[in-house]
Every structure is written in C-alpha cells, then in structure tokens.
Amino acid sequence: MNISSMTGFARKNGNYSGDAKEYSWIWEVKSVNGKGMDLKAKLPPKFEALAVILKNTAAEVLDRGNISAFLEFSAGGEIQKVRINHDLLKELTEVATSLYESCGGKLEKPSASALLGIKGVVETEDSAADEEEQKKLEQALVSSFAESCLLLKEARESEGSKIKKMLSDILVQIKNTAAKAEELAARLPEILKKKLKEQIAALLEPTEGIGEERLAQEAVLLVNRSDVKEELDRLKAHIKAAEDMLEQGGTIGRRLDFLCQELNREANTLCSKSADIGLTNLGMNLKVLIEQFREQVQNIE
C-alpha cells in the first residue's frame, strides 16, 4: 500500500443545466500539513450552508491535512441587481465629511466613488434559482467537490511515493551507521584496555607498574559504564519497525513521528555513554540522519 503526502493541489471544472440557466464552476482544492483533518471553504454567500457537508465529504477521502477549498461560480445569462445601502452610505458620508472639516482640509476631500467602493455600500443581488433547482445545483456542487477530493488524493499519493523513496534511502543510511556503531562497540573493550594501559603508563614512574589483573578490572569498569549494547539493540528494533511501516503503507505519519522520537532518544544515549570519539561521531551522524528522516515524516498522512 502506498503512503500519501499531506501536500497537494487539484482543480475540477463542473457545470449544471437548470430550467432556465446554465451554471458552471471551478473547484480549487489544496492541502498542507496538519495534525488532523480540517477544511476551510471559501464559498459564494448562497452556498455557505454547504461548508459542513463539504468537510464531511473531504473526510471520507482524506485522513489528515489542512485543506483549503475555493469555489468560483457563475450562472449564464444571470442578471444581477444592484442595491445601495443608503443608511450605511449616509453614515459614512457624515463621518468622512466631519473628519475632512476637522483636519482643515489636510485630508483628501471625500468622493462619491470612494464611498461607493466601501464594502457593504453597494451590493449585488443574484436572481435566485427556485428551491428545487437550488437543491439539485447544490447536489451537483457537492458531487463535483467529491471528485476534486479524489483528484487531490491522487496528487498526494503521487507526492507520497517520492517521499517514501526518500524515507527508505535515509533509513538505509541510518541502518548502515548503526551497524558501524555496533561493529565499533564490539571492539571497544580492547580499545579501552589499550588506551587505559597507555594512560596509566604515562602517569606512573618507569620503575612502577600495574598488574594485568588490576588493569583488566579497571577496563571492565570502564567498559560497563560505556556499554551501548542495549541502545544499539533498540535502534535496530526501531529501524525494523520503520521498515515494516513503510512496507505496509497507509496512514502511518503519526506512528513514524513517534518512532523518530524513540530513535533520537537512543542516539542521544549512545553519544552520552560513548567512551570513544569514533563511536561519538557515529552517534552524531545518526542524530543528523534521524532529523532528516523526521522532517520528511512531517509531510506524510
């Protein structure tokens, strides 16, 4: 099963033949990352009641993402009536005139065109469809919106396949780096013993010495304090879990995001317990790769 990105765009044209008019529209739907599924629809006033239905329609197709829908609607042969809000115009005229006079003519003199251009002063009234035709028109719009959501889903899945490839490539790098860390950790007891012996030899007088038994005891204590076997085992388990999720596909964004936190926790502990610069560097490389993995995970559904 594929994984889906939360980012995408779709555009869908539609039309409907009424009793006396031809209606046409364009749906534009886009989505970006989001913790849940949310829809914000920009609709003409006479279709604002569809907002809840549209949200439920989108939720049937898409699981996550912040979705924006825009409807561009037109009716062929429709005659628009113009209505002027005289009460609002009168009030605005009085306020504008008062401000102009109180400033001694420093402001621009109020003009009719400027006042008529203020939102709410001039309104258009569409010749409305009858109730039966309005209902059929709304059904056609919702059906067209559902098709737009399917197109958006296809676009998101196409983007998701690219993200899946990137995630798989990064996961291979994480796996290889963890394997190098495990290989180095296996050689660590001998490395630490040799380093400890050199440090002690540098501190003691040439005539003094330290027994092999005491040296072995100190080395064991040092190795135990820097033992990272459990962290490496958990890293391998988390990597396998991430591989299985990518193979399984579906809505895995939240689970992978949690897994990134666990991977990062083990990499942090690996660095803090490391007693070898080589192992520390591998731990830092792991942290960088895990962050790259997490950034891509934020984009998937």
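This structure is a prediction, so every number in the text was calculated from the model and none was measured.

Trainee: What am I meant to see in the overall build of the chain here?
Mentor: A count of helices and strands for the chain gives eight helices and six strands. Buried residues in the chain amount to 35% of all 301 residues. Pairs at least 24 residues apart make up 79% of the contacts formed inside the chain by residues separated by at least 6 positions. Working note: accessible area of the chain is about 18000 Å², and carbon and sulfur atoms make up 53% of it.

Trainee: Mind showing me how you'd approach helix α2 (residues 86-102) here?
Mentor: Given 3.6 residues per turn, any residue in an α-helix points the same way as the ones three and four places further on. For α2, spanning 17 residues, the distance from its first C-alpha to its last is 24 Å, which sits close to the expected 24 Å at 1.5 Å a residue. Downstream of α2 by one or two residues, Gly-104 has phi in the positive range, about 65°.

Trainee: Mind showing me how you'd approach the environment of Lys-90 here?
Mentor: Inspection of the secondary structure puts Lys-90 in helix α2. Among the residues examined, Lys-90 registers a relative accessible area of 56% and is labelled exposed. Taking the C-alpha atoms as reference points, Lys-90 and Leu-115, 25 residues apart in sequence, are found 9.7 Å from one another.

Trainee: It is not clear to me how the sheet that holds strand β4 (residues 65-76) should be interpreted in this structure. Could you clarify?
Mentor: Across a sheet, strands are paired by hydrogen bonds formed along the backbone, either parallel or antiparallel in direction. Strand order across the open sheet formed by four strands is β1-β2-β4-β3, with mixed pairing between neighbours. Strand pairing shows two members of the sheet lacking a second neighbour, β1 (8-17) and β3 (37-42), which therefore form its edges. Each strand axis lies, on average, 20° off the axis of its neighbour in the sheet, ignoring direction. Where β1 lies against strand β2 (residues 22-32), ten bridges are found, and the strand directions are antiparallel. What sits directly across from Asn-13, in β2, is Ile-26. Relative to the sheet, helix α1 (residues 51-59) contacts β2 and β3, its axis offset from that of β3 by approximately 140°.

Trainee: Looking at this model, I keep getting lost on the packing of helix α6 (residues 229-248) against helix α7 (residues 253-273). Mind explaining?
Mentor: When two helices pack together, you describe them by how their axes are tilted relative to each other and by the distance separating the axes. As a packed pair, α6 and α7 sit with axes 10 Å apart at the nearest point and diverge in direction by 160°. Overall, the two elements α6 and α7 adopt an arrangement that is roughly antiparallel. Read as a crossing pair, α6 and α7 show a hand that is left-handed. Residues Glu-231, Leu-232, Arg-234, Leu-235, His-238, Ile-239, Ala-241, Ala-242, Met-245, Leu-246 and Gln-248 of α6 lie in contact with α7, whose contacting residues are Arg-255, Leu-256, Leu-259, Glu-262, Leu-263, Glu-266, Thr-269, Leu-270 and Lys-273. Looking at side-chain class alone, the contact of α6 with α7 contains eleven nonpolar, three polar and six charged residues.

Trainee: How should the packing of α7 against helix α8 (residues 277-297) be read in this particular structure?
Mentor: For the pair α7 and α8, the least separation of the axes is 9 Å and the interaxial angle reads 165°. With respect to α8, the axis of α7 lies roughly antiparallel. Here the hand of the crossing between α7 and α8 comes out left-handed. Facing α7, whose interface residues are Gly-253, Leu-256, Asp-257, Cys-260, Leu-263, Asn-264, Ala-267, Asn-268, Leu-270 and Cys-271, α8 presents Leu-279, Thr-280, Gly-283, Met-284, Leu-286, Lys-287, Ile-290, Phe-293, Arg-294 and Val-297. Broken down by class, the residue content of the contact of α7 with α8 amounts to twelve nonpolar, five polar and three charged.

Trainee: Got a minute to help me understand the pattern of salt bridges in this structure?
Mentor: Two side chains of opposite charge can pair, provided their charged atoms sit close to one another. Tallied over the full model, the rule gives 17 salt bridges. As a salt-bridge pair, Lys-236 and Glu-182 come within 3.0 Å of each other at their nearest N and O atoms. Highlighted residues: Lys-236 in helix α6 and Glu-182 in helix α4 (residues 131-203), separated in sequence by 54 residues. Looking at Glu-182, the relative accessible area reads 32%, which means it is partly exposed. For the salt bridge of Arg-234 with Glu-230, the shortest nitrogen-to-oxygen distance reads 3.7 Å. Taken together, the residues Arg-234 and Glu-230, both in helix α6 and four residues apart, mark about one turn of the helix. Given the relative accessible area of 34%, Arg-234 is considered partly exposed.

Trainee: Help me understand the nonpolar core in this model?
Mentor: Taken as a class, soluble globular proteins show a tendency for nonpolar side chains to be buried jointly. In terms of nonpolar packing, the biggest core is built from 32 residues, with Leu-167, Ile-174, Leu-256 and Phe-293 touching the most fellow members. Mapped by element, the contributors of at least two residues to this core are α4, α6, α7 and α8. No other element matches α4, which puts nine residues into this core. Leaving out residues up to four positions away in the same chain, Phe-293 has contacts with Leu-167, Ile-170, Leu-171, Ile-174, Ala-242, Leu-256 and Cys-260. Counting residues in each nonpolar core, the second largest holds 27 residues, with Trp-25, Phe-73, Val-142 and Phe-145 among its members.

What counts as what
Residues numbered from 1 in each chain as written. Predicted model: local features only at pLDDT ≥ 70, side-chain atom pairs only at ≥ 80, totals over all residues. Heavy atoms only, no water. Helix = DSSP H or I, 4+ residues; strand = E, 2+ residues; numbered from the N terminus. Buried < 20%, exposed > 50% of the residue type's maximum accessible area, 1.4 Å probe, protein only. Contact = heavy atoms within 4.5 Å. Areas by Shrake-Rupley, 256 points an atom, 1.4 Å probe, with all protein chains shown as cover. Expected span 1.5 Å × (residues − 1). Pairing = 2+ DSSP bridges. Axes fitted to C-alpha atoms, helices over the stretch in contact; angles between N-to-C directions. Parallel < 35°, antiparallel > 145°, perpendicular 65-115°, else oblique. Left-handed = near helix turned anticlockwise from the far one by under 90°. Nonpolar A, V, L, I, M, F, W, Y, C, P; charged D, E, K, R; others polar. Salt bridge = Lys/Arg side-chain N within 4 Å of Asp/Glu carboxyl O. Core = buried A, V, L, I, M, F, W, Y, C linked by side-chain atoms within 4.5 Å.

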